[in-house]
Amino acid sequence: LLWDETHFGKMGSYYINRTFFFDVHPPLGKMLIGLAGYLSGYDGTFLFQKPGDKYEHHNYMGMRGFCAFLGSLLVPFAYLIVLELSKSLPAALLTAALLTFDTGCLTLSQYILLDPILMFFIMAAMLSMVKYNSCANRPFSAPWWFWLSLTGINLAGALGVKFVGLFIILQVGWNTISDLWHLLGDLSLSVVTVGKHLTARILCLIVLPLTLYTATYAVHFRVLNKSGPGDGFFSSAFQARLSGNNLHNASIPEHLAYGSVITVKNLRMAIGYLHSHRHLYPEGIGARQQQVNINACFFLADPLDPSFPVEFVRHGDIIRLEHKETSRNLHSHYHEAPLTRKHYQVTGYGINGTGDSNDFWRIEVVNRRFGNRIRVLRSRIRLIHLVTGCVLGSSGKVLPKWGWEQLEVTCTPYLKETLNSIWNVEDHINPKLPNISLDVLQPSFPEILLESHMVMIRGNNGLKPKDNEFTSKPWHWPINYQGLRFSGINDTDFRVYLLGNPVSALCAAWGPGLSQVLLQGGGQLLLGWMLHYFPFFLMGRILYFHHYFPAMLFSSMLTGILWDTLLRLCAWSLASSSLARGVYVVGLLSLLLGTAYSFYLFHPLAYGMVGPLAQDPRSPMAGLKWLESWDF
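As recorded by an unreviewed UniProt entry, the protein chain carries the name Dolichyl-phosphate-mannose--protein mannosyltransferase and is attributed to Ursus maritimus. Of the protein chain, the UniProt comment under Sequence similarities (unreviewed entry) reads exactly: "Belongs to the glycosyltransferase 39 family." The heading Pathway (unreviewed entry) in the UniProt record of the protein chain holds the text "Protein modification; protein glycosylation."

Right, here's the structure in full:
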């Protein structure tokens, strides 16, 4: 078991077991991994706990074999793309050789990872695009429709694996806009014909991909119908869909009334329930009153005399929330919060529900399309402190041991609407009110589709590097400055290290002759490299070397065309045609042999090493640690 197999192999198991989980990537790649495992006899029982664990009797080869098969197709795809763009067989062969002998591609393709699946769809989309471009002189023919439709299908596949698929969508979009611009400028075409071209592209490159992309989520939600580790990341209404969740098939009163016992959940925090306990804030941490934080507990809405008729809580009401177990009120004041500067402390205050004026809150319904009454699961509410005007929320920061390492609850004076300060009522007990089945409150498919994307975006934004955590920078990647350890640290471990072929990286140092390369079809490849590389400089999330490999595919294809063009230019400058041919052939063979020999030297990085580390003269990698930053 190596590196991210602990994640994606486990997620394949979740699909087989139909257990709901959360991931920051769209579902298609994991679904395909799970399907490969299911069809090859894997039963979904391996735990995928940590790198280095043995698979033992578990049948994992179907999942690895599926990823390896898609990874192996990158070579013929690259060959066909370069051949179509450059019309040069040597350039296509050189490109195929660069990818065949790339240790990094080999490493990524032989394990249960999303990368080979993503790269397969990116390259398939690129190949389909250049093929339908080549059919431009035969518009609306069967091949033209085939390649145009296949481009849309592959775009859906790329985006369905990772959001990085947006980059190939941008490339196809730019190609389409350029194509339509030329058609618009062709005065020999009628308006009807141009309209047909536009309609065909809208259907095949927008409607078809969106339909397929949406369909993957329909399958995803249909298959994962059991409660699992991903429940808490989603809203209470979403969780009510999942078999085994305590909200599934539950019956509770629909609208909140005074005197109800309720559970209040924060929309931003997984398993984030408003909570209190008898422990006080320590000396020096605001007022020494009862702690309020995020965990799980009940609150009691302000009760009235039992003889009074039921009164529903409505938008704009002034309420008091009393903690059921300790009979203290939800309270705030101008003391500073324990961890977050300029936020106010939130406490539990009073005796048997009797406190002071700082116990009152105004309740606001954010999504008022459900009316003024507070609806369980569905109403999104904010609690505005009446005296200070601050908003109840959670900072997401973890309290020290005196706070039992639970999440900090604060009252923020900044009134901007964020998920940290929005809550919903989840559980609800009121004997005076009739119960309804929560099935009627379950969200529609468009609602859960939107919610899942919002959760994924928040998850991606939350992937920040921690202190002393290994990370990588985009400028490292093209020059092979730093690899990525897949498994093992010590000389007794089985060690796999992700590093590109060093000779291939040197060959990709682009130089003169670029204008000629662009004329030979390299423009599309240069654009693809830029789109798949430069956006990472703008990302605040944690990055690793493997993020470069989609861009590396375009770099390899561009390198094949570049060196073929440079060698041709050198050969053409010679007077003798036989000498020119010899220089060209020798140059190509030198590049091929150099790349193959580099692969021979560095292949243990991909296939695994056991024994002394590289700095030991007895190591098979002795003398090959060319950079200090290579950690093998």
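## Topic: the UniProt feature "domain: MIR" (unreviewed entry) in the protein chain
Mapped onto the present numbering, the UniProt feature "domain: MIR" (unreviewed entry) falls at residues 310–366 and 371–428. The annotated region residues 310–366 carries 0% helix and 42% strand content, and the separation between its end C-alpha atoms amounts to 24 Å.

## Points about the state of the cysteines
Between two cysteines, a covalent bond joining their sulfur atoms is known as a disulfide. All chains considered together, the criterion is met by 1 disulfide. Each disulfide pairs two cysteine sulfurs, and for Cys-390 the partner residue is Cys-411, the sulfurs being separated by 2.0 Å. Of note, the bridge from Cys-390 to Cys-411 carries an S-S torsion of about 95° and is right-handed in sense. Linking Cys-390 in the loop between β11 (381–385) and β12 (391–398) with Cys-411 in strand β13 (residues 407–412), this pair joins segments that are 21 residues apart in sequence. Relative accessible area serves as the criterion here: at 0%, Cys-411 is assigned to the buried category. There is no disulfide at Cys-105, and the cysteine sulfur nearest it, in Cys-67, is 13 Å away. The structure places no disulfide on Cys-204, whose sulfur is separated from the nearest cysteine sulfur, that of Cys-135, by 13 Å.

## Describing the UniProt feature "transmembrane region" (unreviewed entry) in the protein chain
Per the UniProt entry, the sites bearing "transmembrane region" (unreviewed entry) are residues 20–41, 61–82, 145–174, 198–219, 551–571 and 583–602 in this numbering. Summarising residues 145–174: 90% helix, 0% strand, and an end-to-end C-alpha distance of 19 Å. Taken end to end, residues 583–602 is 100% helix and 0% strand, and its two terminal C-alpha atoms sit 28 Å from one another.

Rules used in this analysis
- Position numbers for residues start from 1 in each chain and track the written sequence from start to end.
- Local features in this predicted model are restricted to residues of pLDDT 70 or higher, and side-chain atom pairs are both shown and tallied only at a pLDDT of 80 or more, whereas totals for entire chains, interfaces and linings draw on every residue.
- Based on all heavy atoms of the structure, the side-chain values leave hydrogens and waters out of the count.
- UniProt positions are given in the numbering used here, feature names are shortened, and annotations may be inferred rather than shown by experiment.
- Every helix listed is a DSSP run of H or I at least four residues long, and every strand listed is a run of E at least two residues long, numbered separately from the N terminus.
- For the purposes of this analysis, a disulfide is any pair of cysteine sulfur atoms at a distance within 2.5 Å.
- Residue burial is assigned from relative accessible area. The probe radius is 1.4 Å, only protein chains are included, and a residue is buried under 20% of its type maximum, exposed over 50%, and partly exposed in between.

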